[in-house]
Amino acid sequence: MKSPFSRFFGGGEKEVDPLASEANHHEKIVQVKLEQIRPNKYQPRTVFSEEKIEELARTIHTHGVIQPIVIRSVDTDSYEIIAGERRYRAMKKLGWSEVPAIIRELDDKETASIALIENLQREELTAIEEAYAYEKLLELHGLTQEALAQRLGKGQSTVANKLRLLKLPETIKDAILRKEISERHARALIPIKDDELQQKLHQEIIEEQLNVKQLEARIEQLLNPDEEVVKEKKRAPKRKSVSKDVRIALNTIRQSLVLVTKSGIDVKTEEEDAEDFYTITVKIPKKK
């Protein structure tokens, strides 16, 4: 089966995965000064978990670097990361002056594609980061959404649903990045075309801890208020008008029962409001 890298970069029978390990390609591992390395400008991940970087740093401190980072030369004395930014950050945290690396000769398009696809494969991106990665790949390769989905081995609806998230206001996209709201919450907000209303609903999600079903009901009410009124009317029982004399009779009976209860008798009453009449059932115990 072709890897996603092969699907993007083509190739004949001898397909080459640009991120295959050094062991498979017998590439030379060199020590590069950490200060000469900079992050990949095409990195789709915008949020790095400090806790996970700390955990990786402890692992590297104990066991060393199992897999070197992959970099490319950008000028005479500096390099850009192609793959392995988490390892780079962990080694930087450990205070290493040099890091093991494999140097590849790749252009901007190849570098961007590899960084995007590698991160998509890890399935650790937020929905917004994934959407930006899809958008960049569409731009780099001039693909349709259908073609991109095929090359990534995903359903077209998956790609389309992620890309729709990019139409949301920046504040809501930031909320997805920070995991304040879920992707399903965000997708429910897409039919709302008013930015201010979207942001108002965003605040309600957080303040009232709305689940997706509650949010969808709230949006349905906002988008179709007339239909909601009709539904409420259908649900509400039809009540006939009650004459003044009937109301007086009911109140007299209720007051009488209150007086009996005050006398020390445990009176139990039940009222039923039928369409054409009231039924009042009174139970008085034989023994006080």
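For every chain, the first residue of its written sequence is number 1, and the numbers climb from 1 along that sequence. Under the rules for a predicted model, residues below a pLDDT of 70 receive no local features and side-chain atom pairs below 80 are neither given nor counted, while totals for whole chains, interfaces and linings still include all residues. Calculated side-chain values reflect all of the structure's heavy atoms, with hydrogen atoms and water omitted.

The protein chain is annotated in an unreviewed UniProt entry as Nucleoid occlusion protein from Sporosarcina soli. UniProt positions are given in the numbering used here, feature names are shortened, and annotations may be inferred rather than shown by experiment. Its UniProt record gives the protein chain the following Sequence similarities (unreviewed entry) comment, quoted word for word: "Belongs to the ParB family."

Student: Which parts of the structure should I look at to understand the overall build of the protein chain?
Tutor: Comment: elements are numbered from the N terminus, with helices defined as DSSP H or I runs of at least four residues and strands as E runs of at least two. Summing up its helical and strand segments, the protein chain has 14 helices and seven strands in all. Only protein chains enter the calculation, and the probe is 1.4 Å; a residue is then buried if its accessible area is under 20% of its type maximum, exposed if over 50%, and partly exposed in between. Counting over 288 residues, the protein chain shows a buried share of 36%. A separation of at least 24 residues holds for 66% of the contacts in the protein chain among residues at least 6 apart in sequence. Of the roughly 18600 Å² of accessible surface on the protein chain, 48% is carried by carbon and sulfur atoms. Contacts are assigned to residue pairs that have any heavy atoms within 4.5 Å of one another. Computed with a 1.4 Å probe, the accessible areas rest on the Shrake-Rupley method; for each residue, only the protein chains presented here act as cover.

Student: Quick question: what am I supposed to make of the pairing of strand S5 (residues 98-104) here?
Tutor: Every regular strand shows the same layout, with side chains that alternate between the two sheet faces. Most of S5 sits out of view: five of its seven residues are buried. Two strands make a pair as long as DSSP finds a minimum of two bridges between them. Here four bridges tie strand S1 (residues 30-33) to S5, and the two strands are oriented antiparallel to one another. Bridging across to S5, Val32 finds its partner in Val99. For strand S3 (residues 69-75) and S5, the ladder comprises four bridges, and the chain directions are parallel. Looking at the pairing, Val70 lines up with Ile102 of S5.

Student: Quick question: what am I supposed to make of helix H9 (residues 170-177) here?
Tutor: Residues three or four positions apart in an α-helix share a direction because the helix packs 3.6 residues into each turn. Looking at H9, one finds that the buried residues are Ile172, Lys173, Ala175, Ile176 and Leu177. Lys179, located one to two residues past H9, shows a positive phi value of around 60°.

Student: Would you mind showing me how to read the nonpolar core here?
Tutor: Nonpolar side chains in soluble globular proteins generally cluster together in the buried interior. The definition of a nonpolar core used throughout is a set of buried Ala, Val, Leu, Ile, Met, Phe, Trp, Tyr and Cys residues joined through side-chain atoms within 4.5 Å. Ranked by size, the top nonpolar core spans 34 residues in total, and within it Leu148, Leu168 and Leu189 carry the most contacts. If you list the elements that add at least two residues to this core, you get helix H5 (108-122), helix H6 (127-141), helix H7 (145-152), helix H8 (156-164), H9, helix H10 (183-189), helix H11 (195-208) and helix H12 (212-223). Of all the elements, H6 adds the most residues to this core, at seven residues. If near-sequence neighbours (up to four positions away) are discounted, Leu168 is found in contact with Lys173, Ile176, Ala186, Leu189, Ile190 and Gln198. Phe48, Ile60, Tyr88 and Ala90 belong to the second-largest nonpolar core, a separate cluster that totals 17 residues.

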